Amino acid sequence: MAKTAYNPFETAQKQFDRAADMLELDQATRDLLRNPIREFHFSIPIRMDDGQMKVFRGFRVQHNDARGPAKGGLRFHPQETIDTVRALSMWMTWKTAVADIPLGGGKGGVICDPHNLSHTEQERLCRGWVRQVYKNIGPTVDIPAPDVMTSPQHMLWMLDEYETLRGEKLPGFITGKPVGMGGSLGRKEATGYGVIITVREALKELNINPSDTIASVQGFGNVSQFAIELYEQIGGKVICVSSWDQEDQTSYSFRKKEGVDLEELRSVANPFGGIDKQKAQELGYEVLPGEAWLEQEVDILIPAALENQITGSNAEKMNKRVKIIAEGANGPTTPDADNVIIERDIFIIPDFLANAGGVTCSYFEQVQSNMNYFWERDDVLGRLDVKMTAAFIAVSDFSRSNKLNMRDAAYVISVNRVAQACKDRGWV
Ligand code: GLU
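As the structure is a prediction and not an experimental result, all values here were calculated from the model.

Enquirer: Before we move on, can you summarise the overall build of the protein with the specific residues and values?
Expert: Secondary structure summary: the protein contains 14 helices and 12 strands in total. Here the C-alpha atoms of the protein give a radius of gyration of 20 Å, agreeing with the 22 Å that 2.2 N^0.38 yields for 428 residues. Seen through its C-alpha atoms, the protein measures out along the principal axes to roughly 55 × 55 × 45 Å. In the protein, which comprises 428 residues, the share counted as buried stands at 59%.

Shown next as structure tokens:
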């Protein structure tokens, strides 16, 4: 998961330019959508447990809110940059548009490594982040959610700070809250399950039975774990999973040819999804280099970690058997790797379609919070399936009828929806 020289914002802008060309957008619309509408950069001073003050850098970027309030997660990562947050905010705009929910796109981040922060330091950081930006976000303005290394507990601390500052209960301010504290049933599973709903639909199109397939997954965080869970339920077998090793500051892949056991791996992973290699080895897993997940002889690859993971230099290492790549992470594939994928005719389910289940369920959570009402789990997951399936079919129909690959088709649909909303509002 090492960071490379790729700048995700340049990737996001390149992808947008391509869609803008296909749609023949006018200059004003391009200027508006190529960059975020608003950005907030701030310092967050925190008193550490040892009494010393430490200043963290935080961001919130609102890329576009023409279709509804900005929406998107908040990441804690030591290598966070404003350009990563900008890219992710733009991808959120396309994600809410492709899922066709009445929201825009935003993203936030703090440069920090939560592995090295105590529980109380993390709480102060969450509250500090809200204090710096609360006037510019809110249930009808911009709604944060969890993302890389942030959890339901972080969301609850943020909600508590926000409600304290505003002097009223506003549970729709944030999503991904703990169940019982305004969170929605099904939210924790939603992103991973959504990825597999799109895989299921892709397999249907390719006329392949899920139980005849095997997969390899990058990452073992929330998205990966629930993707593995649903993929196994529909009959698939995962043989390799990679994860970040905090101690060695590198990643490893864990392979079991007869199929990994999700519960077993969960029992030897930390809360951030880091798998203990010693314990995994004792459970019979082969411990391989970090990139080995990509080289496995499988039908389906699911990158579910960070951006810039399948690149021009490693894409050639993908096994010839690979038929589908389902992007659970945001921006895992660089444009030069995309060329290899297109040449090999691999069916790509692009990130902002494949992982739209999280924000779709966040939307359901927001609706429940705003109504002060609570839906059953089956109700939430049933609605999620309907939304994800409809989004997948819209993109795949468009890709077939316009002879576009799935990424281009998804881009054209969502950029067009957002551009139209901007036009209708009189912004361009
Ligand atoms: N962080 C997730 C994403 O990248 C979910 C965002 C949300 O629920 O608002 O899609």
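So that's the structure; there's more coming.
Enquirer: Summarise helix α5 (residues 152-166); cite the residues concerned and give the values.
Expert: The terminal C-alpha atoms of α5 lie 21 Å apart, and with 15 residues this matches the ideal 21 Å at 1.5 Å per residue to within 8%. Every buried residue of α5 is accounted for by H154, M155, L156, W157, M158, L159, E161, Y162 and E163. G167 occupies a position one or two residues after α5 and carries a positive phi of about 70°.

Enquirer: How would you summarise the pattern of salt bridges if you had to cite specific residues and measurements?
Expert: Enumeration over the complete set of coordinates arrives at 39 salt bridges. Between K279 and D276 there is a salt bridge, with its nearest N and O atoms 4.0 Å apart. For K279, a relative accessible area of 43% corresponds to the partly exposed category. Bridged by salt links that share partners, the residues E123, R127, R131, D160 and E161 form one connected network.

Enquirer: Could you give me a rundown of the nonpolar core, with the residues and numbers involved?
Expert: Counting 97 residues, the largest nonpolar core has W94, I325 and I349 as its most contacted members. With 10 residues, the top contributor of residues to this core is helix α14 (residues 406-424). Contact partners of I349, with chain neighbours within four places excluded, come to T198, V199, A202, I324, I325, A326, E327, A354 and F392. W129, V148, W157 and M158 belong to the second-largest nonpolar core, a separate cluster that totals 30 residues.

Enquirer: Any chance you could break down the side chain of Q366 for me, citing the residues and the numbers?
Expert: Take Q366: it is sitting in helix α12 (residues 357-371). Sequence-distant contacts of Q366, defined by excluding residues within four places in its chain, comprise L103, P139, I143, G172 and T175.

Enquirer: Give a detailed account of the side chain of K71, specifying residues and quantitative values.
Expert: Structurally, the position occupied by K71 is in strand β3 (residues 70-77). This buried residue, K71, is left without a salt bridge; D142 holds the nearest opposite charge, at 7.1 Å. For K71, the side chain forms a polar contact with the main-chain oxygen of P144, separated by 3.3 Å.

Enquirer: A description of the sheet that holds strand β7 (residues 237-245) should follow, citing residues and the corresponding values.
Expert: Spatial strand order, β9-β8-β7-β6-β10-β11-β12: 7 strands in an open sheet with mixed pairing. Each edge of the sheet is formed by a strand with only one pairing partner; in this case those strands are β9 (286-289) and β12 (347-349). In this sheet, adjacent strand axes meet at a mean angle of 20° when their direction is disregarded. Sheet analysis places strand β6 (residues 214-218) next to strand β10 (residues 300-303), joined by 4 bridges and oriented parallel. Across the sheet, residue V217 finds its bridge partner in β10, namely I302.

Enquirer: Break down the sheet that holds strand β1 (residues 38-47) for me, citing the residues and quoting the values.
Expert: Taken in spatial order, the 5 strands make up an open sheet running β1-β2-β4-β3-β5, and their pairing is mixed. Edge strands, defined here as strands with exactly one partner in the open sheet, are β1 and β5 (142-146). Pairwise comparison of adjacent strand axes, ignoring direction, gives a mean angle of 25° for this sheet.

Enquirer: I'd like a description of the site of the ligand, backed by residues and values.
Expert: The ligand sits among 14 residues. The nearest are K71, K95, P146, D147 and S362. K95 has a polar side-chain atom sitting 2.7 Å from an oxygen atom of the ligand. For the ligand, the protein covers 95% of the area, taking 290 Å² as the surface of the free molecule. At the level of secondary structure, the elements contributing two or more residues to the shell around the ligand comprise β3, α3 (82-98), β5 and α12. Split by residue class, the shell around the ligand holds 4 nonpolar, 5 polar and 5 charged.

Enquirer: Residues and numbers for the packing of aromatic side chains, please.
Expert: As enumerated under the stated definition, the model contains 9 aromatic pairs in all. Pairing Y363 with F364 gives two aromatic rings, centres 6.0 Å apart and planes at 40°, and the pair type is tilted. Accessibility expressed as a relative area gives 6% for F364, which makes it buried. Positioned above the aromatic ring of F226, the side-chain terminus of R266 is 5.1 Å from the ring centre. Positioned above the aromatic ring of W375, the side-chain terminus of R383 is 4.1 Å from the ring centre.

Enquirer: Could you give an account of the environment of R75, naming the residues involved and the relevant values?
Expert: Summarising the element assignment, R75 is placed in strand β3. Classification of R75 by relative accessible area gives buried; the value is 2%. Remark: the alpha-carbon pair of R75 and R166, spanning 91 residues in sequence, is separated by 24 Å. Within the local environment of R75, its side chain forms a polar contact with the side chain of E80, the two groups lying 3.0 Å apart.

Basis of the calculations
- Residues numbered from 1 in each chain as written.
- Predicted model: local features only at pLDDT ≥ 70, side-chain atom pairs only at ≥ 80, totals over all residues.
- Heavy atoms only, no water.
- Helix = DSSP H or I, 4+ residues; strand = E, 2+ residues; numbered from the N terminus.
- Rg over C-alpha atoms; globule rule 2.2 N^0.38 Å.
- Buried < 20%, exposed > 50% of the residue type's maximum accessible area, 1.4 Å probe, protein only.
- Expected span 1.5 Å × (residues − 1).
- Salt bridge = Lys/Arg side-chain N within 4 Å of Asp/Glu carboxyl O.
- Core = buried A, V, L, I, M, F, W, Y, C linked by side-chain atoms within 4.5 Å.
- Contact = heavy atoms within 4.5 Å.
- Lys, Arg positive; Asp, Glu negative; His and termini not counted.
- Polar contact = N/O pair within 3.5 Å; in protein donor to acceptor, adjacent residues only side chain to side chain.
- Pairing = 2+ DSSP bridges.
- Axes fitted to C-alpha atoms, helices over the stretch in contact; angles between N-to-C directions.
- Near = heavy atom within 4 Å.
- Areas by Shrake-Rupley, 256 points an atom, 1.4 Å probe, with all protein chains shown as cover.
- Nonpolar A, V, L, I, M, F, W, Y, C, P; charged D, E, K, R; others polar.
- Phe/Tyr/Trp six-rings, centres within 6.5 Å; stacked < 30°, edge-to-face > 60°.
- Lys NZ or Arg CZ within 6 Å of the ring centre and 35° of its normal.

Note that every value here comes from positions in space, so none of it alone points to a role or purpose.
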